[in-house]
Amino acid sequence: MNDEDDYAEFVAERWPTLVRAAVFLGAAPHEAEDIAQATLVLCYRKWDRVRAADDRDAYVYRMLLNTLRSDRRSAWWRKRSPQALPDQAVGDTSEATAIADAVHRAMETLTPDQQHVVVLRYFVQLTEAQTAAVLGIPAGTVKSRLSRSIAALSANHHLAEFAGGSR
Amino acid sequence: MTDLEDAWDRYPTTAAPVADIMRKGRQMNRARLARPALGGLVAAGVAAALVVTMSGGGSTPTGPAVTAVPIQVAAFKADLKPTSCAQLLKTFRQRGLKNVSAWGWSNGGVVPLAAANAGGEFFRASADLAHNFAGSGGIFPQATSVGKNLNGSLQPAQGNSATGTNVQELGVDEPDSVKANGSVLVRIDDNTLAIYDVAGDAPKRVSTLALPYFSNGQILISGSTLVAIGSDNNPLNTQHTGSRVETVSLSNPAAPTITSDVAYSSTITSARQHGSDIRLVMTSGLPALPFVQSGGGTPGQPTYTVKQARAINRKLVAESTLAQWLPTMDTGSGSKQYLNCDDVAVTPASVPLGTTSVVGFEVSAPTAVSAIGLSGQIDTAYESTDHLYLTSGGTQLGYCSCLYNGPFFGGKANKTAIFQFDLNGDQASHVATGTVNGSIADRYSMDEVGGVLRVATTTSTDTTPYQSSSVITLKQVGQSLKQDGRLDGLGKGETLGATRWFDDFAVVSTSNNIDPLYTIDLRNPAHPKLLGALQIPGFSTYFHPLGNGLLMGLGQNTTFGGSGEMNKAQAGLFDISNLTNVKRLAVITMRPWTTLNAGNDPHAFTWLPDHNVALTSVSTSTGSLVLDEIKVANGTLHLTVANLTTTDPSMVRTMELPNGKVVLMDGGKVTFLGL
């Protein structure tokens, strides 16, 4: 299998999770796909490096966080995504928007650090070690941050108690 | 199932745009998304994405009446002869028909993704030192090329522009978020200018000014005139591709006034300033025609079969008008076409369809523009003191046979077209056209000295190791840019990392964990010669000449282990006095998961020759930023790190003022740095 095939498969597989992660990390629906796409474009360019990495997912989610950050600093030479135009909404974007709004309201109760941990560890289901590598923090911090975040979300009835397992 | 978990599962995602991602990956460093005709090969995911983009947002064919403003100079000397209006329209329609599908434009109509598109201006760093005599290194004699001794220690340090920006070409200023002129310093944050008096002990803000219908601004300063360039935010501009150019008088810094306000319908790809002349390179993609799409999905529209939709869309293209293809400007009295159709040259068919305009004006008369155009979209603009070079193409299509299997992807050699323009004040005229094999990563990959254009290209092949880089020299011969010499085989299987051009030699790095740093003799342009290759861990994304035979290389050090790879920002000090034996004198490595922003944006870097200090912002793993102060002394590097408050790398700038004070802009804070 050559590099291109390998990468195409990787993209198709990771796409839905990356888009959802971007939404959960605060991106609007039209931004989320752009960000996921930009992330995967970056990864394409560094595929040799991504592939060489022991852990591809840690690498890709690191890139996603970087892209989210850099997306928020707009510069004049960066064009707006045409999908952002309200009069071009088609299909199920209204459903996506409604879900994203609800998600953002819920996630707003967390600090950005907590949001990162919850999204990567709980929703994307990276391992503790992967999450630690992505965020550049010790594994112990991932654990403690996650439990505080879950507690906060549970208190607001957005999530069931993680440890207790009661739903 | 709780609501968040439910939301995670229910959130609708489209099919992965695999083909699009792969294509953009190959074009990563290009300013403009511009792919050749795909014919019927567009994968389903791409078509789905195009539906969203192209439907519904089209302008009606009966837009405001468009009249042409007179152009001062229409100058074509080369083979791309301007055509008649009728011929130009015929070209647009005929070429357009090859690009239209049952879902609208099948390619080229997509505005590029933000992150994939910063390429032309600042994406990667390598830079240029040709004819840079004004650096702190003092007088550097005009190059006489052949026969001259090659001595890296004769090279001066790279200086900053008169307004304090670390530019590619001295004498050609570049827009940035902060500029200084004498005792006045101006910064822009989106649409708001803040003006500071920097003559005293501390910077003092004396005024602010919000620019209307304006966003994502950058500024240029000429005398007491400021030119702000940004996106057009006017809600009436439904295309969201337009730009605004505001001129502001700073004669009274306490009361800045807008003296001119011009809206353009196209997107600014590049802006440069020579003295009081400003030149904009603007690109318009394919026009937003009111296309329909097969399969319905748009409220209020009937459901069309593929055949019906294609027929309707083809008719729209066949009946399109020049007003829909040519960009417009509005100085306050309505939209006007600023390119006469006989000032628009038809490009070779390999150049993606669209309109590129080169618009020049004197800062005192921003509405009196000189403009010429090309009937295609360009990717990269490089401006030397005498010439403007626009490039198009160079897509690395060659080795992909997995996703596409049509004729276009059968291993066709990738070529980049280069258009050379003579510059004279605010006027540009097209003088020559050339083609090179391979792709040109960004503007820093090009450099002109003594009438010779040198370019670093990356060529992909069908066979492992897939790609390698070359240095090519080109000279104008009649109406052509012809290859004079070349050196191939640099960095087999690797990516071009950074290039720094000197009059007589070049330093090129390619990267794949190990960084071969190549030195190339360019004294005889017909025979570029490899002088040496230094293998060092990590790779460079930016080189800055410090003078006295020293070169600073900024980049990354990548190690593997634990739960993945580890990236650390790294700065190296190189002795280039002996170009056949370059030595790394010192290296400092920063914390894990740090990135030196100079690699992405050379404007984030400042060399202070009087202090022997380099300043650059560094992104950390948490997204916060720090300022690295790297002191160079006796062949060693000493690092001091200070925290910054902003998390936006484009809002961190440092510069040395004429009075020797060093300014730090940290988001909204402007302070003097004690060094």
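Residues numbered from 1 in each chain as written. Chains lettered and ligands numbered in written order. Predicted model: local features only at pLDDT ≥ 70, side-chain atom pairs only at ≥ 80, totals over all residues. Heavy atoms only, no water.

### Focus: the nonpolar core
Core analysis: the biggest nonpolar cluster contains 61 residues, and Tyr7, Phe24, Tyr61 and Leu64 of chain A have the highest contact counts within it. In terms of residue count, helix 1 (residues 3–24) of chain A provides more of this core than any other element does, 11 residues in total. Apart from residues no more than four positions distant in its own chain, Leu64 of chain A is found in contact with Leu18, Ala21, Ala22, Leu25, Ile35, Ala36 and Thr39 of chain A. Counting residues in each nonpolar core, the second largest holds 35 residues, with Leu220, Tyr338, Leu339 and Val369 of chain B among its members. (Core = buried A, V, L, I, M, F, W, Y, C linked by side-chain atoms within 4.5 Å. Buried < 20%, exposed > 50% of the residue type's maximum accessible area, 1.4 Å probe, protein only. Helix = DSSP H or I, 4+ residues; strand = E, 2+ residues; numbered from the N terminus. Contact = heavy atoms within 4.5 Å.)

### So, the pairing of strand 22 (residues 415–424) of chain B
Residues and elements named next belong to chain B. Most of strand 22 is tucked away, with 7 of its 10 residues classed as buried. Two elements, strand 21 (residues 387–393) and strand 22, share 7 bridges in a ladder whose sense is antiparallel. Residue pairing for strand 22: Ser392 is matched across the bridge by Ala417. Of the strand pairs in this sheet, strand 22 and strand 23 (residues 427–437) are connected by 10 bridges, and their pairing is antiparallel. Within the sheet, the bridge partner assigned to Phe419 lies in strand 23 and is Thr433. Between strand 22 and strand 23, which pair antiparallel one after the other, the connecting turn spans 2 residues, and Gly425 there sits at a positive phi close to 60°. (Pairing = 2+ DSSP bridges.)

### Describing the confidence of the model for chain B
Residue and element names in this part refer to chain B. Mean pLDDT over chain B: 79, with 78% of residues reaching 70 or higher. With pLDDT under 50 throughout, residues 29–74 is counted as low confidence; its partners more than four residues away or in other chains account for 132 contacts. In this model residues 396–413 is a low-confidence stretch, pLDDT under 50, and it forms 41 contacts with partners more than four residues away in sequence or in other chains. At the level of chain-chain contacts, confidence expressed as ipTM amounts to 0.84, with global pTM at 0.69. (pLDDT = per-residue confidence, 0-100.)

### Observations concerning the packing of helix 4 (residues 85–97) of chain B against helix 7 (residues 306–318) of chain B
The description of two helices packed together rests on the angle between their axes and the distance between the axes. All names here are of chain B. In the contact formed by helix 4 and helix 7, the axes pass within 8 Å of each other and the chain directions differ by 160°. Here helix 7 runs roughly antiparallel to helix 4, going by the angle between their axes. The chirality of how helix 4 crosses helix 7 is right-handed. Where helix 4 abuts helix 7, its residues Arg93, Gly96 and Leu97 lie against Arg314, Val317 and Ala318. Here the contact of helix 4 with helix 7 is built from residues that sort into 3 nonpolar, 1 polar and 2 charged. (Axes fitted to C-alpha atoms, helices over the stretch in contact; angles between N-to-C directions. Parallel < 35°, antiparallel > 145°, perpendicular 65-115°, else oblique. Left-handed = near helix turned anticlockwise from the far one by under 90°. Nonpolar A, V, L, I, M, F, W, Y, C, P; charged D, E, K, R; others polar.)

### Some details on the packing of aromatic side chains
Per the counting criterion, the structure on display carries 11 aromatic pairs over all chains. Relative to Trp8 of chain B, the ring of Phe123 of chain A lies with its centre 5.3 Å away and its plane at 25°, an arrangement referred to as stacked. Residue Phe123 of chain A is found in helix 6 (residues 112–123), and its partner Trp8 of chain B is found in helix 1 (residues 3–10); the two belong to separate chains. Taking relative accessible area as the criterion, Phe123 of chain A reaches 7% and is therefore assigned buried. Under the relative-accessibility criterion, Trp8 of chain B is labelled buried at 10%. Relative to Trp325 of chain B, the ring of Trp105 of chain B has its centre 6.0 Å away and its plane inclined at 65°; by these criteria the two rings are edge-to-face. Residue Trp105 of chain B is found in strand 3 (residues 104–105), and its partner Trp325 of chain B is found in helix 8 (residues 322–325); the two are separated by 220 residues along the sequence. Exposure remark for Trp105 of chain B: the relative accessible area of 0% places this residue in the buried category. What makes Trp325 of chain B buried here is its relative accessible area of 2%. Chaining the aromatic ring pairs together yields one cluster made of Phe24, Tyr122 and Phe123 of chain A together with Trp8 of chain B. (Phe/Tyr/Trp six-rings, centres within 6.5 Å; stacked < 30°, edge-to-face > 60°.)

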